[in-house]
Amino acid sequence: MRILALDASTEMCAVALGGDEGFVERSEVAGQRHSELLLPMIGAVLAEAGIGIGALDGIAFGSGPGSFTGLRIACGVAQGLALGAGLPVIGVPTLAAMAETARLRDGSRRIIAALDARMHEVYVAAYEFDGTTWHERIAPEVTAPGDASLPPGSDWLGAGGGFGAYPALRERMASALVHCDTGVTPTASAIGALALPGFVARAGVAARDAAPLYVRHRVALTTAERAAGAIL
């Protein structure tokens with residue numbers, strides 16, 4: 001089985017192609033250029049493999065939470081490619097992909113993943129790996145750093161830029177954390193690895209049914225909040 005995985009949920013733009021034997025990934029810091037970079041990167045990884053979209057078994061994308069614009073771009077590209085080729089689609093939560101990325105880095109099995117959600121909030125979730133499967137211990141939420149839900153027990157790794165952006169999040173999680181790695185970002189390879197069992201089980205959805213996972217539906221401060229000195 002061979003699948004394509006995409007991510008544009010953060011400032012990184014990433015594409016990976018692979019399957020059971022692993023993934024080959026291309027990524028770069030995109031800033032606001034995901035719409036310019038994503039399709040050429042897809043074309044490059046397919047060309048390197050000598051295949052076309054029709055040779056794939058499915059397309060996975062980082063569904064969120066994350067940058068609203070980036071999520072829409074990744075979902076839209078996945079939908080467009082999948083619709084044209086008649087392929088199933090699977091959206092993988094961004095924070096789950098961060099947990100998988102952290103596990104592949106250092107073998108950690110208890111991960112609290114956090115991204116800066118702006119507006120003085122974080123996206124955060126907790127996942128535990130049992131050696132075969134990830135289990136969600138805290139569902140993705142958007143919250144003030146000092147109000148984040150605490151996972152059960154201790155020995156958790158804090159992963160992601162949310163911990164670097166907000167010291168209050170580290171303080172909130174202090175009793176659970178053994179270490180923080182603020183450099184963890186979701187990778188397309190992790191998205192592909194997490195989606196692969198779903199494609200094997202034929203759990204992919206039709207392109208038209210793919211959707212981002214926003215978690216928060218508010219993307220701007222009110223006039224009163226800006227006047228009071230709040231910043232995005």
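Presented here is an overview of the structure given in this document. The model shown is predicted, which means the values in this text are computed figures rather than measured ones. (Residues numbered from 1 in each chain as written. Predicted model: local features only at pLDDT ≥ 70, side-chain atom pairs only at ≥ 80, totals over all residues. Heavy atoms only, no water.)

## Remarks on the overall build of the chain
The line we're drawing: Each helix is a run of H or I in the DSSP string that is no shorter than four residues. Each strand is a run of E no shorter than two, and both are numbered from the N terminus. Atoms considered for the radius of gyration are the C-alpha atoms alone. The globule rule reads 2.2 Å times the number of residues to the power 0.38. Each residue gets one of three labels from its accessible area relative to the maximum for its type: buried under 20%, exposed over 50%, partly exposed in between, using a 1.4 Å probe on protein chains only. Whether two residues touch is decided by their heavy atoms; if any such pair falls within 4.5 Å, the residues are in contact. In these tables, accessible area is a Shrake-Rupley quantity obtained with a 1.4 Å probe, and a residue counts as shielded only by the protein chains included in the view. The convention is simple: Lys and Arg are positive, Asp and Glu are negative, and His and the chain ends are not counted. One atom stands in for each charge, and that atom is NZ of Lys, CZ of Arg, CG of Asp or CD of Glu.
Across its full length, the chain holds seven helices and 10 strands. Over its C-alpha atoms the chain spans a radius of gyration of 18 Å, differing by no more than 12% from the 17 Å that the globule rule assigns to 232 residues. For the chain, with 232 residues in total, the buried portion stands at 48%. By sequence separation, contacts in the chain at least 24 residues apart represent 61% of the contacts at least 6 residues apart. About 10,400 Å² of surface is accessible on the chain, with carbon and sulfur atoms providing 51% of the total. Taking the average location of the 17 positive side-chain charges in the chain and that of its 23 negative ones, the two points are 3 Å from each other.

## Side note on the sheet that holds strand 4 (residues 58-64)
What counts is decided by this rule: When DSSP finds two or more bridges between two strands, those strands count as paired. Note on geometry: axes are lines fitted to C-alpha atoms, helical ones only across the stretch in contact, with angles between N-to-C directions running from 0 to 180 degrees.
An order of 3-2-1-4-5 is seen for the five strands of this open sheet, with the pairing classed as mixed. Strand pairing shows two members of the sheet lacking a second neighbour, strand 3 (22-29) and strand 5 (89-93), which therefore form its edges. Here the strands of the sheet are splayed against their neighbours by 20° on average, with no regard to which way each runs. Alignment of strand 1 (residues 2-7) against strand 2 (residues 12-19), held across six bridges, turns out to be antiparallel. By the bridge assignment for strand 2, Arg-2 is matched with Gly-19.

## Notes on helix 1 (residues 34-49)
Note the cut-off: Any helix carries an expected span of 1.5 Å times its number of residues minus one.
The end-to-end C-alpha distance of helix 1, which contains 16 residues, comes to 22 Å, matching closely the 22 Å that a straight helix rising 1.5 Å per residue would cover. Taken together, the buried positions of helix 1 are His-34, Leu-37, Leu-38, Met-41, Ile-42, Ala-44, Val-45 and Leu-46. After helix 1 finishes, the residue Gly-50 shows a positive phi value of roughly 70°.

## Observations regarding unusual backbone geometry
A negative phi angle characterises most non-glycine residues, just as the trans form characterises most peptide bonds. The amide bond that connects Gly-64 to the next residue, Pro-65, takes the cis arrangement and shows omega of 10°. The residue Pro-65 is located in the loop between strand 4 and helix 2 (68-85) in this model. If you check the backbone angles, His-120 has positive phi at about 65° while not being a glycine. The topology assignment puts His-120 in the loop between strand 6 (110-118) and strand 7 (121-129). Phi is positive for Arg-202, which is not a glycine, with a value near 60°. Relative to the elements of secondary structure, Arg-202 occurs in the loop between helix 6 (188-200) and helix 7 (223-227). With a relative accessible area of 78%, Arg-202 lands in the exposed category.

## Some details on the environment of Gly-31
Following the sequence through the fold, Gly-31 ends up in the loop between strand 3 and helix 1. Residues Gly-31 and Ser-154 lie 123 residues apart in sequence; the distance between their C-alpha atoms is 35 Å.

## Remarks on helix 3 (residues 94-106)
Its 13 residues give helix 3 an end-to-end C-alpha distance of 19 Å, which sits within 8% of 18 Å, the value for a rise of 1.5 Å per residue. Of all the positions in helix 3, only Thr-94, Leu-95, Ala-96, Ala-97, Met-98, Ala-99, Glu-100, Thr-101 and Ala-102 are classed as buried. Positive phi appears at Gly-107, one or two residues downstream of helix 3, with a value of about 80°.

## Focus: the nonpolar core
Going by this rule: What makes a nonpolar core is a set of buried Ala, Val, Leu, Ile, Met, Phe, Trp, Tyr and Cys residues whose side-chain atoms join them at distances within 4.5 Å.
In terms of nonpolar packing, the biggest core is built from 29 residues, with Leu-4, Leu-6, Ile-42, Leu-56 and Ile-59 touching the most fellow members. Of all the secondary-structure elements, those providing two or more residues to this core are strand 1, strand 2, helix 1, strand 4 and helix 2. Those residues in contact with Ile-42 that sit more than four places away from it in its chain are Leu-4, Leu-6, Val-15, Val-77 and Leu-81. Ranked by size, the runner-up nonpolar core spans 20 residues in total, among them Phe-68, Tyr-123, Ala-125 and Tyr-127.

## Focus on the packing of helix 3 against helix 6
So the rule is basically this: Under this scheme an angle from 65 to 115 degrees is roughly perpendicular, one under 35 degrees roughly parallel, and one over 145 degrees roughly antiparallel; angles in between are oblique.
Two elements in contact, helix 3 and helix 6, have axes whose closest approach is 8 Å; the angle formed by their N-to-C orientations is 105°. One way to sum up the angle between helix 3 and helix 6 is to call them roughly perpendicular. For the pair helix 3 and helix 6, contact is made by Ala-96, Ala-97, Glu-100 and Thr-101 and by Ala-190, Ile-191, Ala-193 and Leu-194, respectively.

## Section: the sheet that holds strand 7
Across the sheet, five strands lie side by side as 8-7-6-9-10; this open sheet has mixed pairing. Each end of this open sheet is capped by a strand with a single partner; those strands are strand 8 (134-143) and strand 10 (177-181). Ignoring which end each strand starts from, the neighbouring axes of this sheet average 20° apart. Relative to strand 10, strand 9 (residues 156-159) runs parallel, the two being bridged by four bridges. Looking at the pairing, Leu-157 lines up with His-179 of strand 10.

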